[in-house]
Amino acid sequence: MNDTSNARQEKWTFSWDLAVPAQDPYLLIDFDNDPCALLFDCGIRVWGRVKTVLKIDHIFISHAHIDHLIGFDHIIRTLLGENKTLHIHGPEGIRHRLESKLAGYDWDRSADQELILDINEYAGCSKIRRIHACNRRFEGVGPAETSLWDGPIVQNHLCRVFAVPVDHGGSACHAYVMKENDHSRIDKEKLDGLNLTPGPWVGDLLSWHDSQALDGRSIRIGEIDYAVVDLARDLIRIQPGRIVVYITDTVFDQRWLDDIIAIAYGADIVVCESTFLEEDRSLAVKYHHLTALQAGLIALALDARQLMLFHISSRYHPKMHRAVQEARTVFPNTDIMHPAPRRKTRPRTGLSVTASE
Ligand SMILES: [Zn+2]
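Everything quoted here is computed from the prediction, not taken from an experiment.

S.K.: Help me understand the overall build of the chain, please; the structure alone is not making it clear to me.
M.R.: Looking only at helices and strands, the chain features eleven helices and 19 strands. For the chain, the spread of C-alpha atoms along the principal axes amounts to about 85 × 60 × 55 Å. For the chain, contacts bridging at least 24 residues in sequence account for 62% of all contacts bridging at least 6.

Structure (structure tokens):
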């Protein structure tokens with residue numbers, strides 16, 4: 001086990017929502033107390049998450065197969081009135097595909113709409129970026145810019161996101177790793193033990209700690225002055241950020257798994273496609289997908305905490321649990337998202353319906 005085991009008892013600082021196995025793939029990560037959300041792939045059912053869709057500022061597209069991109073138009077439609085920049089990331093070829101979509105719109109009512117699309121394509125060690133403006137009928141603003149790509153493709157106050165090329169046959173495809181930044185937190189038990197009354201000074205202490213500006217400062221709590229260096233040492237502890245791995249669609253290859261392990265060993269959640277069962281391994285190889293057993297072995301190799309399967313072939317419907325059973329033979333903490341229970345509707349009375357032939 002890695003050294004995050006203690007931190008795993010901590011409260012999570014983001015929530016996540018994943019497509020159920022029969023739905024087109026998506027993973028939505030929504031950070032608490034922050035106007036930021038991340039979307040991995042654009043499965044159609046993400047439409048139902050309007051409040052969180054409004055928070056999305058980065059979309060990571062694994063590849064351009066229709067089931068992974070079908071919800072893109074609706075997300076743009078939902079965000080049209082927002083004054084924000086939506087950053088979109090994807091593998092080789094994604095820029096032209098998205099630009100073709102945008103060119104298909106006749107949108108002449110957008111003069112006061114400020115939505116900006118920042119499209120980023122990664123291929124080999126290069127990145128191609130182009131900006132599109134909603135109030136210019138989605139046309140590109142200036143030429144595409146090319147630069148070198150190395151390290152995380154996103155790095156901000158919340159997290160770092162890495163793209164890892166995988167093997168989906170003829171389709172350029174990325175897995176992604178999201179590494180949340182570490183947090184400094186007040187140890188409440190120690191705070192109580194020192195009999196200190198919380199107040200605005202707690203926020204100051206954390207802020208000075210995070211900006212490495214502790215030296216020479218003091219804080220008055222009640223009638224006593226405390227050196228902030230001492231308070232920080234006694235009260236602050238670091239909660240390591242969580243790691244989320246998103247893998248779809250790909251045939252198994254130790255090379256890309258090694259790349260992911262190098263970034264995400266000890267992952268908290270591995271979200272992994274398992275389109276086929278082992279009994280259909282030949283189909284998995286033919287169509288460049290994974291089996292449920294391989295997904296379990298991937299989570300095991302990553303020393304992960306939890307495996308969530310998704311993107312399971314409808315050929316196994318309604319026995320999707322077979323995939324879970326198969327993965328659990330090597331990685332017990334495996335599950336799938338379950339559909340929300342249907343609301344009960346009152347039986348109608350006074351109506352008789354005759355079924356047609
Ligand atoms: Zn695919």
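Further notes follow.
S.K.: Any chance you could explain the domain arrangement of the chain here in plain terms?
M.R.: Many structure descriptions define interface size as the accessible area lost when the parts assemble. In terms of domain boundaries, the chain breaks down into domain 1 (7–181 + 241–336) and domain 2 (183–239). Averaged C-alpha coordinates put domain 1 and domain 2 at centres separated by 38 Å.

S.K.: Teacher, can you tell me more about the sheet that holds strand 5 (residues 85–91) here?
M.R.: Across a sheet, strands are paired by hydrogen bonds formed along the backbone, either parallel or antiparallel in direction. Strand order in the open sheet formed by eight strands is 1-2-3-4-5-6-7-8, and the pairing between neighbours is mixed. The open sheet has two edge strands, strand 1 (14–18) and strand 8 (140–148), and neither has a second partner. Along the sheet, successive strands turn relative to each other by an average axial angle of 15°, direction set aside. As judged from the eight bridges shared by strand 6 (residues 116–123) and strand 7 (residues 126–133), these two strands associate in the antiparallel manner.

S.K.: Can you walk me through the sheet that holds strand 18 (residues 306–310) in this structure?
M.R.: The strand order 9-10-11-16-17-18-19 describes an open sheet built from seven strands, whose pairing is mixed. Only two strands of the sheet have a single neighbouring strand rather than two, namely strand 9 (154–155) and strand 19 (334–336). Contacting strand 10 (159–168), strand 11 (171–180) and strand 16 (243–247), helix 8 (residues 254–264) runs over the sheet at an angle of about 170° to strand 10.

S.K.: Would you mind showing me how to read the packing of helix 6 (residues 200–210) against helix 7 (residues 228–235) here?
M.R.: Viewed as axis vectors pointing N to C, helix 6 and helix 7 meet at an angle of 95°, and their least axial separation amounts to 10 Å. With respect to helix 7, the axis of helix 6 lies roughly perpendicular. Between helix 6 and helix 7, the contacting residues are Leu 205, Trp 208 and His 209 on the first element and Val 228, Leu 231 and Ala 232 on the second. Of the residues assigned to the contact of helix 6 with helix 7, the class counts are five nonpolar, one polar and no charged.

S.K.: Just checking my understanding: could you explain the nonpolar core for this structure?
M.R.: In globular proteins that are soluble, nonpolar side chains generally tend to be buried together. Core analysis: the largest hydrophobic core is formed by 77 residues, its most contacted members being Val 245, Val 270, Val 271 and Leu 309. Element by element, the count of residues in this core is highest for strand 10, at six residues.

S.K.: I keep staring at unusual backbone geometry and nothing clicks. Help me out?
M.R.: Note on backbone geometry: most residues besides glycine have negative phi, and most peptide bonds are trans. The omega torsion across Thr 248 and Asp 249 is -15°, close enough to zero to call that bond cis. In this fold, Asp 249 is placed in the loop between strand 16 and helix 8. Along the chain, His 317 connects to Pro 318 via a cis peptide bond; the corresponding omega equals 5°. Structurally, Pro 318 can be placed in the loop between strand 18 and helix 11 (321–328). Residue Arg 137 is not a glycine yet carries a positive backbone phi of 55°. When you line up the elements, Arg 137 lands in the loop between strand 7 and strand 8. For Arg 137, a count of 15 C-beta atoms within 10 Å puts it in the partly exposed group. In this model, His 288 sits at a positive phi of 60°, which is unusual for a non-glycine residue. Within the element layout of this structure, His 288 appears in the loop between helix 9 (281–286) and helix 10 (292–301). Among the residues examined, His 288 registers 19 C-beta atoms within 10 Å and is labelled partly exposed.

S.K.: Even after reading the chapter, I still don't get helix 10, so can you show me in this structure?
M.R.: The α-helix winds at 3.6 residues per turn, so residues separated by three or four positions along the chain end up facing the same way. Of all ten residues in helix 10, seven are buried, a share of seventy percent or more. Here the buried face of helix 10 lies against strand 16, helix 8, strand 17 (269–273), strand 18, helix 11 and strand 19.

S.K.: It is not clear to me how the environment of Leu 257 should be interpreted in this structure. Could you clarify?
M.R.: Along the chain, Leu 257 falls in helix 8. Spatially, the C-alpha atoms of Leu 257 and Ile 298 are 7.4 Å apart, while their sequence positions differ by 41 residues. In this structure Leu 257 touches Ile 298 and Ala 301, once residues within four positions along its chain are discounted.

S.K.: Got a minute to help me understand the packing of helix 10 against helix 11 in this structure?
M.R.: Orientation of helix 10 relative to helix 11, taken along the N-to-C sense of each, is 45°, at an axis distance of 7 Å. Between helix 10 and helix 11, the interaxial angle falls into the category oblique. Considering the relative orientation of helix 10 and helix 11, their crossing is right-handed. Along the contact surface, helix 10 presents Ala 292, Leu 293, Ala 295 and Gly 296, while helix 11 presents Ala 323, Glu 326, Ala 327 and Arg 328. Class assignment of the residues belonging to the contact of helix 10 with helix 11 gives a composition of five nonpolar, one polar and two charged.

S.K.: Even after reading the chapter, I still don't get the pairing of strand 13 (residues 218–221), so can you show me in this structure?
M.R.: Both faces of the sheet carry side chains from a regular strand, because those side chains alternate between them. Two elements, strand 13 and strand 14 (residues 224–227), share four bridges in a ladder whose sense is antiparallel. Considered in strand 14, the bridge of Ile 219 is made with Tyr 226. Taking the residues between adjacent antiparallel strands as the criterion, strand 13 and strand 14 are bridged by two residues, where Gly 222 takes a positive phi near 65°.

S.K.: Explain the environment of Ile 236 to me, please; I cannot follow it from the model alone.
M.R.: Its place among the elements puts Ile 236 in strand 15 (residues 236–239). For the pair Ile 236 and Leu 205, spaced 31 residues apart in sequence, the C-alpha separation works out to 8.8 Å. If sequence neighbours within four positions are ignored, Ile 236 has contacts with Ser 184, Ile 186 and His 209.

S.K.: I'm lost on the environment of Glu 189 in this one. Help?
M.R.: Relative to the helices and strands, Glu 189 is located in helix 5 (residues 188–193). Residue Glu 189 is classed as exposed on the basis of its C-beta count, with 8 C-beta atoms lying within 10 Å. Considered as a pair, Glu 189 and Tyr 26 are 163 residues apart in the sequence and their alpha carbons are 39 Å apart.

Criteria and cut-off values
- Residues numbered from 1 in each chain as written.
- Predicted model: local features only at pLDDT ≥ 70, side-chain atom pairs only at ≥ 80, totals over all residues.
- Helix = DSSP H or I, 4+ residues; strand = E, 2+ residues; numbered from the N terminus.
- Contact = placed C-beta atoms within 7 Å.
- Domains from an automatic or database assignment.
- Pairing = 2+ DSSP bridges.
- Axes fitted to C-alpha atoms, helices over the stretch in contact; angles between N-to-C directions.
- Parallel < 35°, antiparallel > 145°, perpendicular 65-115°, else oblique.
- Nonpolar A, V, L, I, M, F, W, Y, C, P; charged D, E, K, R; others polar.
- Core = buried A, V, L, I, M, F, W, Y, C linked by C-beta atoms within 7 Å.
- Buried ≥ 20, exposed ≤ 12 C-beta atoms within 10 Å, placed from the backbone.
- Left-handed = near helix turned anticlockwise from the far one by under 90°.

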